[in-house]
Amino acid sequence: MHAPQVVVVMGVSGTGKTTVGPLLAEELGVPYAEADDFHPPANIAKMSAGTPLDDDDRRPWLDAIGAWAHSHAEGGGVVSCSALKRMYRDRLRSAAPDIVFLHLTGDRELIAERMKERKGHFFSGDLLDSQLATLEPLQPDEYGVAVDVSPEPEAITERAAAELRRLEHQ
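Residues numbered from 1 in each chain as written. Predicted model: local features only at pLDDT ≥ 70, side-chain atom pairs only at ≥ 80, totals over all residues. Heavy atoms only, no water.

Colleague: Is there a simple way to think about helix α4 (residues 86-95) in this case?
Modeller: Along an α-helix, residues three or four positions apart point the same way, because every turn accommodates 3.6 residues. For α4, every residue scored as buried is listed here: Y88, R89, L92 and R93. Buried residues of α4 fall within an arc of 140° about the axis and therefore sit on the same side. (Buried < 20%, exposed > 50% of the residue type's maximum accessible area, 1.4 Å probe, protein only. Helix = DSSP H or I, 4+ residues; strand = E, 2+ residues; numbered from the N terminus. Arc of directions from axis to C-beta.)

Following this line, the structure appears as structure tokens:
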């Protein structure tokens, strides 16, 4: 498969962005970046305290991710990023117009269960409902695909790669 310019693995916390992202990057033969690594310390402190980020908090974070995507536009890459709102995705697209979104989706119960099992992550499960309320799914005019997260990570990755191939050939 020819790698899309940059794939943004998006979705609410607990959908497996950090697990599927590296697997997809390996499948595509491109570098991977974890969006959490782009957060300034103030954002991490805020989320660790159980306080949702606001749009002002997210701007520098999105700009840093967009800069990474732009710098990898030639060779491709995969970056995880919740990208919950259309305006966030638009901001990323303004930095890297050819990015494609892979939206990892699942029902609340499954995601909440997976979040309970996570260890050493700063994101509190209490913020899941806030993220679900904020989520604006991909719109028909946005370049991307949605993949269900019910199966194991390897199956999700395989399905994602197949959907991205299909999208690329449309």
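Colleague: Help me understand the environment of L164 in this model?
Modeller: On the secondary structure map, L164 appears in helix α7 (residues 153-168). Overall, the relative accessible area of 2% leaves L164 in the buried class. When the C-alpha atoms of L164 and A146 are compared, they prove to be 9.7 Å apart, with 18 residues separating the residues in sequence.

Colleague: I tried to follow the packing of helix α1 (residues 17-28) against α7 on my own but got confused; where do I start?
Modeller: A pair of packed helices is characterised by two quantities: the angle between their axes and the separation of those axes. Orientation of α1 relative to α7, taken along the N-to-C sense of each, is 55°, at an axis distance of 9 Å. Here α1 lies oblique to α7, going by the angle between them. For α1 against α7, the interelement crossing comes out right-handed. For the pair formed by α1 and α7, the contact residues are T19, V20, L23, L24 and E27 on the first element and P153, E154, I156, T157, A161 and L164 on the second. (Axes fitted to C-alpha atoms, helices over the stretch in contact; angles between N-to-C directions. Parallel < 35°, antiparallel > 145°, perpendicular 65-115°, else oblique. Left-handed = near helix turned anticlockwise from the far one by under 90°. Contact = heavy atoms within 4.5 Å.)

Colleague: Help me out: how do you make sense of α7 in this one?
Modeller: Under the 1.5 Å per step criterion, the end-to-end length of α7 is 22 Å for 16 residues, consistent within 8% with the ideal 22 Å. Taken together, the buried positions of α7 are occupied by I156, T157, A160, A161, E163, L164 and L167. For α7, the angular spread of the buried residues around the axis is 165°, confining them to a single face. Turned more than 90 degrees away from the buried face of α7 sit E154 and E158, all of them exposed. Elements in contact with the buried residues of α7: β1 (6-10), α1, β4 (100-105) and β5 (144-148). (Expected span 1.5 Å × (residues − 1).)

Colleague: How should I be thinking about unusual backbone geometry in this particular structure?
Modeller: Residues other than glycine predominantly adopt negative phi, and peptide bonds predominantly adopt the trans conformation. The phi dihedral of A83 falls on the positive side, at around 45°, and the residue is not glycine. Relative to the elements of secondary structure, A83 occurs in the loop between β3 (77-80) and α4. Given the relative accessible area of 0%, A83 is considered buried.

Colleague: What is the right way to look at the side chain of T15 in this model?
Modeller: When you line up the elements, T15 lands in the loop between β1 and α1. Here T15 falls in the buried class, since its relative accessible area comes to 2%. Reaching out from T15, the side chain makes a polar contact with the backbone oxygen of V12 at a distance of 2.9 Å. The residues touching T15, leaving out its near neighbours within four places in the chain, are L104, I111, R114 and V149. (Polar contact = N/O pair within 3.5 Å; in protein donor to acceptor, adjacent residues only side chain to side chain.)

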